[in-house]
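Residues per chain, in single letters:
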Amino acid sequence: MSTQKHLDLASIRARLEASQGKEYWRCLEELAETEEFQEFLHREFPRQAASWSPSISRRQFVKLMGASLALAGLTGCGARPVGKIVPYVKAPDEAVVPGKPLYFATAMPLSGYALGLLVESHMGRPTKVEGNPDHPASLGATDAFAQAAVLTLYDPDRSQAVTNQGRIRPWDTFLTELSHALDEQKTTQGAGLRLLTESISSPTLANQIQTILTQFPAAKWHQYEPVGRDNTRAGNLLAFGEDVHPVYQIGKANVILALDADFLACRPGTLRYVHDFAERRRVATGATEMNRLYAIDNSPTLTGSAADHRLRVRASEVEAVARAIAARVGVEGVVPSALPPTVPPSWIDALVRDLQQNRGSSLVIAGESQTPTVTALAHAMNQVLGNVGNTIIYTEPVVANPVDLTASLRELIQDMDAGRVELLVVISGNPVYTAPADLHFAESFMKVPLRIHLSLYDDETSALSHWHIPETHFLETWSDARAYDGTVSIIQPLIAPLYAGKSAHELLAAFTGESGSSAHDIVRAYWQSQNPSGDFEQFWQQVLNAGAVPNTALQPKSVSLQPNWTNQVGTGNQGPGQPAAGTQPAFEIVFQPDPNIYDGRFANNGWLQELPKTVTKLTWDNAALISPQTAERLGLSFDQAGVTQATVVELHYKGRMVQAPIFVLPGQADNSITVYLGYGRTRAGRVGTGAGFNAYAIRTSTAPWFDSGLEIRATGQRVPLATTQHHWTMEGRKIVQAGTLQQYRENPYFVDPMTPTISIYPGYSYQGRAWGMAIDLTACTGCNACVVACQAENNIPVVGKDQVLMGREMHWLRVDRYYTGRLDNPEVFHQPVPCMHCETAPCEVVCPVAATVHSKEGLNDMIYNRCVGTRYCSNNCPYKVRRFNFLQFADWDTPSLKLLRNPEVTVRSRGVMEKCTYCVQRIRAAEIEAEKENREIRDGEIVTACQAACPSQAIVFGNILDSNSRVARLKAQPLNYSLLGELNTRPRTTYLAALRNPNPEIETE
């Protein structure tokens, strides 16, 4: 039985404040040097490693992978989608060339916004997602959601048949019953018909819905999704009297203020924003000036991590800070609130001066979870600062028929309770699970005589529906959708529906008497109607080839602030929960979408479940995030070493309660508890069901994002949390190197390159090529896209929560998170760590069977069929980047995995060591092409999976012997250094030290 100890936070805080210079640390146990942490640290494979269960069955591994497919061999393998699809590049004369992949342009819709993609197809099966370099929203990059999309495609737990109250029924039987119901609705012009969708931007789908509403004029279209933009819409109406969509020109901004806005992680246009933001920070490699980012938020985020200055306040206090800034900037009519006691007035004054000195080149961004007043204040500040038309433009809303989503759902519930709804069709979404708890959606839903649900999974809403229709994955169907700037992408499938699913287009076609129409015909017909003149066939081919419809970006529109708009926002306050003198502050609860599984729709995706969350490094769970000071106030003990045992508390809020484990997070606002949505699913599939706790159970429609009044009660229970933040530690050695822009300008060579020149190892000589990588820590935001991209490219298995608890995650690439500074509000740095491919590799000399060897091009190769699992190489690796698959994690028998896997990469069996190979399969493919064309490999021709996914272009790969190559030029920069270079391993992967651009007027903690 593990002994749990209280961590002495007071002594940790004192140690950090007394430290000389910067001290980097990964977790609280590392600072406290607990016995449990030291034991975990000094055991390459902890004692739990010898206690794996011999009873693990193949079924359990199928569950962990979340991608078996019993019928795939019959219905999916090699099947072609309906309608002609056009590859991104010119196709060969043959339809399929065995062994040679094709790429097709398509798009992934999420919450109504499209992300342009290129999808790799091997012999008619999609295996890997890349970004479309010609698409304005991706510019060739992707996020973790897009990278994991292929696993969802092959998920066996997806709905596989049309069901009526749980019994399988033919599609034609459903159409017959629907026809009878619609005939009855015609007599009342559709008074009892309701459609419930998520936010959509598909022009074709919106046109279909409008056609239905024309035929049934008394029917209603409702929209709802749990992470919608209600507050932003309300703020737009408050400021301008109309709803608009802001498009940020991040690349033109010298100074950016993020008001609880995580624009580098979870906004429409994030990939474009990350790209443009990073381009303005590369002063060492081309940028003339470096932008400056201020972040004011409640919980640590990717944007807060990248900020030059982060102000830690509770979510309810952001409005008071925004009012103070707006008043000082010069927004007329704003009555400032008193600043929260934790906010230094000098910090605000320095920020305001910086904004004013950069009029026309500054930018204020409001978070979508903030109050409408904060959104309106941000608009007003941008107007006063002259930013409109420069760093921000406005367009019409991207989504079709924008409405107040919560109000729309509430209206539907009222109609259901009143018996006015006779036929309800829910298209995608899962409102039984995601609807606010106070609206009691499930109870009202059960009152509808005929309930139809179209969804990927037989989920919580499907369970209460009469008819459940399996939905096609976006890689299986035709559709269209708009990107963040309005650009339309045609979504073209790469494979026929694996389970004979139906798209929203095909379902809605049945309402207008066109039940025989395919999604391809519906989408094509719509665009033909939009292009009545000219050569439509040529237009269609070009659109499918490029992945975007030309000239469809929404045009900028002129907007102006409403007169006396400030009269509607009052004087404000410091937010709910401000304490009376001498009393403790009230607790505040904050809801956020999960960084990995979003609103819960990706809960059954094993890649995303096992992906360590960027800030907490949690896997397979959510937790109640609290600050160290709040933990002290509650008297909670916590231990995050070894098999993490987290204290369980009850969260009581507005008469409802959930139990949640506590996770102590440096940088979290005091007396504020953040919970991630999306967990606690009851019908998510075998992977997602039962993981974590359901934060929706206490979320309300009146305060969907944050509110005071939370009570916390200890239960005395403890549960394990699988967090990787203390795995693979490097024992306090110098890892991250960072400095300021001013420091760099005064001395570009302030970084210690850590590259000894003398070695006892024999040297290697290379003929023409030697591969290497450079990673720019200034640009890296820690988004995790590279980790999932590596997993998808290299057939890396999922191992499950129990194995992660033992330190056995299999990722070949990890993103370490380091803190420096004060415990309560530290600076954060992210560092991707693949195999270093050392020139003098410690792993090579200890392998008794020469399974790990040095190639003629400098790669550290792994020969799997030689490996006998001694693990000497892993013990000798100072970077801890080698992974040993203790168990048979890969499923050799399930047909779906044969569809999912990259055929260019070996599928490993149990008992061998695995690691990053620099995507050697891509290197070999480029070499073959170059040899066929009798030429040298071009710089940039080989792009590793992690490099391709990175939206900030922080990762660069190439031939280090070519002095003109991009990677060689980066390695020649004064900021370049080797990780643990003092060990003289001479790694081929090196780093450019992180630079920050702090305001000299603000004292750095």
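Please refer to the structure placed before this passage.
Along each chain, residue indices are assigned from 1 in the same order as the chain's sequence is written. Two thresholds apply to this predicted model, a pLDDT of at least 70 for residue-level local features and 80 or more for giving and counting side-chain atom pairs, whereas whole-chain, interface and lining totals are computed over all residues. Note that water and hydrogens are dropped before the side-chain values are worked out from all heavy atoms of the structure.

Undergrad: Help me understand the sheet that holds strand β16 (residues 450-455), please; the structure alone is not making it clear to me.
TA: Pairing between sheet strands relies on hydrogen bonds along the backbone, with the strands arranged either parallel or antiparallel. In spatial order, the strands read β6-β5-β17-β16-β15-β7-β8; together these seven strands make up an open sheet with mixed pairing. Because the sheet does not close on itself, it has two edges, and the strands there are β6 (167-168) and β8 (220-223). Contact criterion: two residues are considered in contact whenever any of their non-hydrogen atoms come within 4.5 Å of each other. Helix axes are fitted only over the stretch in contact, all axes being lines through C-alpha atoms; the angle between N-to-C directions runs from 0 to 180 degrees. Helix and strand definitions here come from DSSP, where helices need a minimum of 4 consecutive H or I residues and strands a minimum of 2 consecutive E residues; each element is numbered from the N-terminal end. In the packing of helix α8 (residues 171-186) onto the sheet, the strands contacted are β7 (193-197), β15 (423-427), β16 and β17 (467-470), and the crossing angle to β17 comes to about 125°. Across the sheet, helix α16 (residues 405-417) lies against β7, β8 and β15, angled at about 130° from β8, the strand it touches most. We treat two strands as partners when DSSP finds at least two bridges between them.

Undergrad: Can you walk me through the pattern of salt bridges in this structure?
TA: Pairing of side chains with opposite charge becomes possible as their charged atoms draw close. Whenever Lys or Arg places a side-chain nitrogen within 4 Å of a carboxyl oxygen from Asp or Glu, that contact is recorded as a salt bridge. Following the criterion strictly, the structure yields 49 salt bridges and no others. Taking the shortest distance from any N to any O, the salt bridge between E130 and R922 comes out at 2.8 Å. A residue pair is termed long-range when its members are at least 10 positions apart, and E130 in strand β4 (residues 125-131) and R922 in helix α30 (residues 920-932) qualify at 792 residues. The two residues E130 and R922 agree in class, both being buried. For D776, the salt bridge identified is with R282, shortest N-O distance 3.8 Å. Taken as a pair, D776 in strand β29 (residues 771-776) and R282 in the loop between α11 (270-279) and β11 (292-297) lie far apart in primary sequence, 494 residues in all. Summarising the burial analysis for this pair, D776 and R282 share the class buried. Each of R194, K220, E411, D415 and R420 takes part in a single network of salt bridges with overlapping partners. Three exposure classes are used, based on accessible area relative to the maximum for each residue type with a 1.4 Å probe and protein chains only: buried under 20%, partly exposed in between, and exposed over 50%.

Undergrad: How do you make sense of the sheet that holds strand β2 (residues 102-110) when you look at a structure like this?
TA: Read from one edge of the open sheet, three strands run β2-β3-β4, paired in antiparallel fashion. Edge positions in the sheet fall to β2 and β4, since each of these pairs with one other strand and no more. The mean angle between the axes of side-by-side strands here comes to 40°, regardless of whether they run parallel or antiparallel. As defined by bridge partners, strand β3 (residues 113-122) adjoins β4 across six bridges and the pair is classed as antiparallel. Among the inter-strand pairings, H122 is bridged to a residue of β4, identified as R125.

Undergrad: Is there a simple way to think about the packing of helix α10 (residues 230-240) against helix α15 (residues 372-384) in this case?
TA: Angle between the axes and distance between the axes are the two parameters that describe a pair of packed helices. It is the contact of α10 with α15, at a shortest axis distance of 7 Å, that shows an interaxial angle of 50°. On the basis of their axis angle, the class for α10 and α15 is oblique. The handedness of the crossing between α10 and α15 is right-handed. Residues N231, T232, A234, G235, N236, L238, A239 and F240 of α10 touch α15, and the partners they reach there are P372, T373, T375, A376, H379 and Q383. Side-chain classes are defined by residue name, with Ala, Val, Leu, Ile, Met, Phe, Trp, Tyr, Cys and Pro counting as nonpolar, Asp, Glu, Lys and Arg as charged, and the others, Gly among them, as polar. Among the residues forming the contact of α10 with α15, the class breakdown is six nonpolar, eight polar and no charged. In what follows, roughly perpendicular refers to angles from 65 to 115 degrees, roughly parallel to angles under 35, roughly antiparallel to angles over 145, and oblique to any angle outside these ranges. Here is the rule for handedness: rotate from the far helix to the near one, and if that takes an anticlockwise turn smaller than a right angle the crossing is left-handed, while a clockwise turn gives right-handed.

Undergrad: Whenever I open this one, the environment of T989 confuses me. Can you help?
TA: Mapped onto the elements, T989 comes out in strand β38 (residues 989-992). A relative accessible area of 0% means that T989 is categorised as buried. Residues T989 and L979, 10 residues apart in the sequence, show an inter-C-alpha distance of 8.2 Å. Discounting residues that sit within four places of it in the chain, T989 has contacts with M773, I775, P834, C835, M836, Y918 and K971. Here a polar contact means two N or O atoms within 3.5 Å. Within protein one must be a hydrogen donor candidate and the other an acceptor candidate, and residues neighboring in sequence count only if both atoms are side-chain atoms. Engagement of the side chain of T989 in a polar contact is seen with the backbone oxygen of C835, the distance being 3.4 Å. A polar atom in the side chain of T989 sits 2.6 Å from the side chain of Y918.

Undergrad: Just to check I follow, could you spell out the side chain of H379 for this structure?
TA: For H379, the position within the fold is in helix α15. For H379, a relative accessible area of 5% corresponds to the buried category. Within the structure, the side chain of H379 is placed 2.7 Å from the side chain of N236, a separation counted as a polar contact.

Undergrad: Sorry if this is basic, but what is going on with the pairing of strand β24 (residues 656-664) here?
TA: Regular strands place side chains that alternate from one sheet face to the opposite one. The sheet contact formed by strand β22 (residues 624-626) and β24 spans three bridges and is parallel. Bridge assignment links L625 to a residue of β24, and that residue is F663. Where strand β23 (residues 645-653) meets β24, six bridges bridge the pair, whose relative direction is antiparallel. Its bridge partner lying in β24, V649 is registered against A660. The turn joining β23 and β24, which pair antiparallel and follow one another in sequence, is formed by two residues; a positive phi near 50° is taken by K654.

Undergrad: How do you make sense of the environment of V343 when you look at a structure like this?
TA: In this fold, V343 is placed in the loop between α13 (318-329) and α14 (345-357). Sequence separation between V343 and V321 is 22 residues, and the spatial gap between their C-alpha atoms is 8.2 Å. Beyond its immediate stretch of four places on either side in the chain, V343 contacts L311, V313, V321 and I348.

Undergrad: Would you explain unusual backbone geometry in this entry?
TA: Even without being glycine, L139 reaches a positive phi, approximately 50°. As for its position among the elements, L139 is in the loop between β4 and α6 (144-147). Since its relative accessible area comes to 28%, L139 is described here as partly exposed. Unlike most non-glycine residues, N934 shows phi in positive territory, near 55°.

Undergrad: Help me understand the packing of helix α9 (residues 203-215) against helix α21 (residues 519-530), please; the structure alone is not making it clear to me.
TA: Relative orientation of the contacting elements α9 and α21 amounts to 90°, with a least axis distance of 9 Å. Here α9 lies roughly perpendicular to α21, going by the angle between them. Contacts from P203, T204, N207 and Q208 of α9 reach α21 at I522, V523, Y526 and W527. In the contact of α9 with α21, the residues fall into five nonpolar, three polar and no charged.

Undergrad: I keep staring at α21 and nothing clicks. Help me out?
TA: Two residues of an α-helix separated by three or four positions point the same way, owing to the 3.6 residues in each turn. Taking 1.5 Å as the rise per residue, α21 with 12 residues should run 16 Å; its terminal C-alpha atoms sit 17 Å apart, in good agreement. Within the span of α21, buried status applies to A519, H520, I522, V523, R524, Y526 and W527. Next to the buried residues of α21 lie α9, β18 (479-482), β19 (488-491), α20 (504-509) and α22 (536-546). Expected span of a helix: the number of residues minus one, times 1.5 Å.

Undergrad: I'm lost on the packing of aromatic side chains in this one. Help?
TA: Two aromatic rings, taken as a pair, are described by how far apart their centres are and by the angle between their planes. Pairing of aromatic side chains requires ring centres within 6.5 Å, counting the rings of Phe and Tyr and the six-membered ring of Trp. Pairs whose planes differ by under 30 degrees are stacked, by over 60 edge-to-face, and all others tilted. Taken as a whole and assessed by the stated rule, the structure comprises 20 aromatic pairs. Summarising the aromatic geometry, the rings of F145 and F602 are spaced 4.9 Å apart at their centres and angled 25° between planes, so their arrangement reads as stacked. You can see F145 sitting in helix α6 and its partner F602 sitting in the loop between β20 (587-593) and α23 (606-610), a full 457 residues away along the chain. With a relative accessible area of 10%, F602 lands in the buried category. Relative to F277, the ring of F263 lies with its centre 6.3 Å away and its plane at 80°, an arrangement referred to as edge-to-face. Here the residue F263 occupies a position in the loop between β10 (255-259) and α11, and F277 occupies one in helix α11, the gap between them amounting to 14 residues. Owing to a relative accessible area of 3%, F277 belongs among the buried residues under this scheme. Three or more aromatic residues joined by ring pairs make a cluster, and in this case those are W478, F536, F539 and W540. Should the NZ of a Lys or the CZ of an Arg lie within 6 Å of a ring centre and within 35 degrees of the ring normal, that charge is described as sitting over the ring. When the ring centre of F445 is taken as reference, the NZ or CZ atom of R451 above it lies at 5.5 Å. For R808, the ring lying beneath its charged end belongs to F886, and the centroid distance is 4.2 Å.

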